[in-house]
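Close look at the chain arrangement
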Amino acid sequence: MKYCPEALSEYCARTLEVCGVCAKDARTTADALVNADLRGIHSHGLVRLIGYVKCLQTGGVNADAHPFITAEGPSYAAVNADRGLGIPASVYATTLAMEKARTAGIAMVNVCNSHHHGACGYYASTMADCGFLSMVMSTGDVIMAAPSSAGRIIGNNPFSYAAPAGRHRFVCFDAAMSAVAAGKISMCAQEGKPIPIGWLKDPLGNDTTDPNQYDLGGALMPFGGHKGFSLSVMVECFAGLLSGAASLENIHAWNCDPNSTGDVGHMFLAVNPDLLHPGQNLAQRVEHLVDELINAKPAPGADRVLFPGQLEQEREALARAEGVDLPDSTLAALHESARRTGIPFCAGLENKNV
């Protein structure tokens, strides 16, 4: 079955409202999660709703949060997310970064006291759609090993950049610093599928193909060995320490304890090319760059050369036209959310246009 994106967003928003989230923040969160599924990034889509529901119901996440500015200047701001959902706080910070960059040329907004905020690329591409170059970073729970460590010592700390690209819309890179996102391993576990060597270490530090070892305390592996680990430390500095947020084992992105805070940190950087280089059309220049890249000769066995974010854009366009395919792990998570909230899933959610 293919699902209607608008109906999925409405369902997700209703679920969050039942958990005490205001209508605006519920819809903001729902749109971000569904957008990930539209782009085929199911590890950061509606499969995450059940985690948000649990945190809201136990009080670990403040359902009535109101992000507020703690310090600011013409080109910067520090925001406290008030222990609320990470997505509304991040949308607020994204908007604030763009507002400041319109006059300052470049602006950075840091966020503390937040929680899991979905895919960093959602915010980076939003800024690119508005004409800005962007970078977004976020810290997270300690779930990743260093190349030489036996266990978890740092988060897989995602990073994204994006730039406007004319008729190509934008280029956008979005990745965690681990070989794969934790959500992909959880999905494999739910679906009974093995994982490749190099994704995960078991709790003793041995390579494993068993995704269930993750929930037993196994550690994600950094991509590119020391390179992914080093970039994760960079994110810890820029998004965590600079934000005044928690660090390493004090971070709890999925916090279910009402007496503590997740205290995840985020960073949002917006660059206004019109002020830095008046008269130059950066989007047009990026468009020409992309044209040169994708017109390169493909390697043997390859159909084409892709630019960063191209597949996600193509998947989104197709899903908006034909409906969203949801993996079994996402459907299972949605049914669990339905049991917890009393809002039945499925009725009226199929895409009527297919």
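This report concerns the structure included in the present document. None of these values were measured; they are calculated from a predicted model. (Residues numbered from 1 in each chain as written. Predicted model: local features only at pLDDT ≥ 70, side-chain atom pairs only at ≥ 80, totals over all residues. Heavy atoms only, no water.)

1. Brief notes about the overall build of the protein chain
Of regular secondary structure, the protein chain possesses eleven helices and eleven strands. For a compact globule of 354 residues, the expected C-alpha radius of gyration is about 20 Å, and the protein chain comes in at 20 Å, within 12% of that figure. Out of the 354 residues belonging to the protein chain, those deemed buried represent 52%. Relative to all contacts within the protein chain whose residues are 6 or more apart in sequence, the contacts with residues 24 or more apart total 67%. Within the structure as shown, the protein chain displays about 15,400 Å² of accessible surface, and the carbon and sulfur contribution to it stands at 55%. Distance between charge centres in the protein chain, computed from 25 positive and 35 negative side chains, equals 3 Å. (Helix = DSSP H or I, 4+ residues; strand = E, 2+ residues; numbered from the N terminus. Rg over C-alpha atoms; globule rule 2.2 N^0.38 Å. Buried < 20%, exposed > 50% of the residue type's maximum accessible area, 1.4 Å probe, protein only. Contact = heavy atoms within 4.5 Å. Areas by Shrake-Rupley, 256 points an atom, 1.4 Å probe, with all protein chains shown as cover. Lys, Arg positive; Asp, Glu negative; His and termini not counted. Charge placed at Lys NZ, Arg CZ, Asp CG, Glu CD.)

2. Some points on helix α2 (residues 23-38)
The end-to-end C-alpha distance of α2, which contains 16 residues, comes to 22 Å, matching closely the 22 Å that a straight helix rising 1.5 Å per residue would cover. All of the buried residues along α2 are D25, A26, T28, T29, A30, A32, L33, V34, N35, A36, D37 and L38. Elements in contact with the buried residues of α2: α1 (5-18), α3 (49-58), α4 (86-104), α5 (120-129), α10 (310-322) and β11 (324-325). Backbone geometry just downstream of α2 places G40 in the positive-phi region, at approximately 80 degrees. (Expected span 1.5 Å × (residues − 1).)

3. Some details on the pairing of strand β4 (residues 106-114)
With seven of nine residues buried, β4 lies mostly within the body of the structure. The pairing of strand β3 (residues 76-80) with β4 spans five bridges and is classified as parallel. Within β4, the residue paired with V79 across the bridge is V111. Running through α4, the crossover from β3 to the neighbouring parallel element β4 is right-handed. Inspection of the sheet shows β4 paired to strand β10 (residues 264-271) by seven bridges, in the antiparallel sense. Looking across to β10, one finds that V111 is bridged to H266. (Pairing = 2+ DSSP bridges. Right-handed = clockwise from strand over helix to strand, strands pointing away.)

4. Some points on the pattern of salt bridges
All told, the structure shown has 13 salt bridges when counted by the stated rule. Here K100 makes a salt bridge to E72, at a shortest N to O gap of 2.9 Å. A residue pair is termed long-range when its members are at least 10 positions apart, and K100 in helix α4 and E72 in strand β2 (residues 68-73) qualify at 28 residues. We classify E72 as partly exposed; its relative accessible area is 44%. A salt bridge links E314 to R304, with the nearest nitrogen and oxygen atoms 2.9 Å apart. Taken together, the positions of E314 in helix α10 and R304 in the loop between α9 (282-294) and α10 put the pair ten residues apart, joining distant regions of the chain. Assessed through its relative accessible area of 41%, R304 is described here as partly exposed. Ionic contacts of the salt-bridge type, sharing partners, join the residues R39, D129, R169, E316 and R320 into one network. (Salt bridge = Lys/Arg side-chain N within 4 Å of Asp/Glu carboxyl O.)

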